[in-house]
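Survey of secondary and tertiary structure
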There are 2 protein chains.
Amino acid sequence: MANKRAYHHGDLRRALLDAALALAEDGGPMAVTVREAARRAGVSHNAPYRHFPDKETLIAALSEEGFVELARTLRTARAEVRDPEDRFVATGMAYLRFARGHPGHMAVMFGPGVAKSQTPELQRAANDAFQVVKDVAADAGIVELAETRRLGTVAWSFLHGLSVLWAQKQVPPSVGSSAELLVELGSRHLYRSFAQSARKRS
Amino acid sequence: MANKRAYHHGDLRRALLDAALALAEDGGPMAVTVREAARRAGVSHNAPYRHFPDKETLIAALSEEGFVELARTLRTARAEVRDPEDRFVATGMAYLRFARGHPGHMAVMFGPGVAKSQTPELQRAANDAFQVVKDVAADAGIVELAETRRLGTVAWSFLHGLSVLWAQKQVPPSVGSSAELLVELGSRHLYRSFAQSARKRS
DNA sequence: CCTACCGATCGGTAGG
DNA sequence: CCTACCGATCGGTAGG
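Structure report, in brief. In this text the structure is predicted, and so the values were computed from the model without any measurement.

Considering the protein's contact with DNA strand D
Close to DNA strand D lie 22 residues; Arg35 of chain A together with Leu12, Ser44, Asn46 and Arg50 of chain B are nearest. A distance of 2.4 Å separates a base nitrogen of DNA strand D from a polar side-chain atom of Arg35 of chain A. The contact in question runs from a base nitrogen of DNA strand D to an N or O atom on the side chain of His45 of chain B, over 3.3 Å. Considering only residue class, the surface near DNA strand D consists of seven nonpolar, eight polar and seven charged.

Set out below in structure tokens:
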């Protein structure tokens, strides 16, 4: 009751976003309903329209929030390590950590029904997040710019794939390796292999 | 009218599955509705219940079908190439091809709301598909079994991540590389790097 | 931020 | 495989 009260004093927007995140975590973006979010926040089913003009806007806000937070997380991780290879790995770890800690955000960021509400802010946030990955790949010191981009995309794909498969428990436990170990291993192999190829070529 | 008629003569099950696939492709598994599938197949909204006891079963059938077809595709690709490394790459290409050619299947196989209807047949089909990836990884001739599994999981993650990001057009076109090139590149780097590490260790 | 209400859609059952 | 119907839920508007 006490927390419900708090929403009435300026936190409703946040409460609605949190409720929507929980819904997205379970059933994806399409499972988010304005009415259920309102219910969980303890308000009437159309109070949300005070804060979001419609459902699409609410979900787009969540997605943007996710990309902003992801970019921040990646940038922080990158800034904390000196050695380029370790920095590459640390950034990968940060991606995994974000994906694990924000399943609801991941669902709206990459789930179905995304193409719809591509606000400019959302576009910008998504591009910014990917920029960090490109920056980290650039640390490998590969001369050819196109190859740097390829390393970034390959690494991003690997991290993303592992994160979503893990989130859905689609990675057989028989593997017996923690997600962290796999991120470390995969990232290091990719980094070294790309860097080595580039060195040979020049 | 002619094709609608055909459904009345034994093809309704298939028509419903195809309609559901189209729905899943657009909005994920949660966007599949029995009624809309029936509508598209040209039958009354509850004719589907003749073929599927409920909605969950319909979706589980689609998912199982997807895993069976994926496993078949991967196995075929693997069988067509001799050299272990090329075989590894060819299998990766097959994964990408499947993901591109079956977006509806991919959505139900890996989308939200999967945990629900895990029939034994579905479980078996999914495990079988992953087995192929493990087999291909085993071709690398890595002695340590655990390391072979890790290579398989890392590669599967990479292929899966690239496929889903590409399907959602989340890979910036600025990369200027086709998905095929990235699969080839990533697969080759991973294969060689893992194999080389294993050789050094022994 | 609320009550009351709208048209639409859904999963599923009854009964044939 | 169909018509008719059920209870429930949804997005959104009206009006305050």
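Overview of the protein's contact with DNA strand C
Around DNA strand C sit 22 residues in total, of which Leu12, Ser44, Asn46 and Arg50 of chain A together with Arg35 of chain B are the nearest. Within 4 Å of the protein, the contacting atoms of DNA strand C are 47% sugar and phosphate, with bases supplying the remainder. Residue Ser44 of chain A places a main-chain N or O atom 2.7 Å away from a phosphate oxygen belonging to DNA strand C. Listed by contribution, the elements that provide at least two residues to the surface near DNA strand C are helix 1 (2–27) of chain A together with helix 2 (34–41) of chain B. Grouping the amino acids of the surface near DNA strand C by side-chain chemistry returns seven nonpolar, eight polar and seven charged.

Details of helix 2 (residues 34–41) of chain A
Residues and elements named next belong to chain A. Among all positions of helix 2, only Val34, Ala37, Ala38 and Ala41 are buried. Down the axis of helix 2, the buried set is contained in an arc of 100 degrees. They therefore lie on one face. Following helix 2 by one or two positions, Gly42 has its phi on the positive side, about 80 degrees.

Notes on the side chain of His160 of chain B
Residue placement: His160 of chain B occurs in helix 7 (residues 145–167). Given a relative accessible area of 1%, His160 of chain B falls into the buried group. In contact with His160 of chain B, other than residues within four places in its own chain, are Gly161, Val164 and Leu165 of chain A together with Tyr95, Met106 and Phe110 of chain B.

Overview of the interface of chain A and chain B
Contacts between the two partners involve 43 residues from chain A and, on the opposite side, 43 residues from chain B. Taken together, the two surfaces of chain A and chain B that pack against each other cover about 3,400 Å², and 67% of this comes from carbon and sulfur. One can count zero salt bridges joining chain A with chain B. Elements supplying a minimum of two residues to the side of chain A that touches chain B: helix 1, helix 5 (103–110), helix 6 (120–138), helix 7 (145–167) and helix 8 (179–201) of chain A.

Quick notes on the rules
- Residues numbered from 1 in each chain as written.
- Chains lettered and ligands numbered in written order.
- Predicted model: local features only at pLDDT ≥ 70, side-chain atom pairs only at ≥ 80, totals over all residues.
- Heavy atoms only, no water.
- Near = heavy atom within 4 Å.
- Polar contact = N/O pair within 3.5 Å; in protein donor to acceptor, adjacent residues only side chain to side chain.
- Nonpolar A, V, L, I, M, F, W, Y, C, P; charged D, E, K, R; others polar.
- Helix = DSSP H or I, 4+ residues; strand = E, 2+ residues; numbered from the N terminus.
- Buried < 20%, exposed > 50% of the residue type's maximum accessible area, 1.4 Å probe, protein only.
- Arc of directions from axis to C-beta.
- Contact = heavy atoms within 4.5 Å.
- Buried area = accessible area lost by both parts, 1.4 Å probe.
- Salt bridge = Lys/Arg side-chain N within 4 Å of Asp/Glu carboxyl O.

So far we have only geometry, and geometry alone does not tell us how the molecule works.
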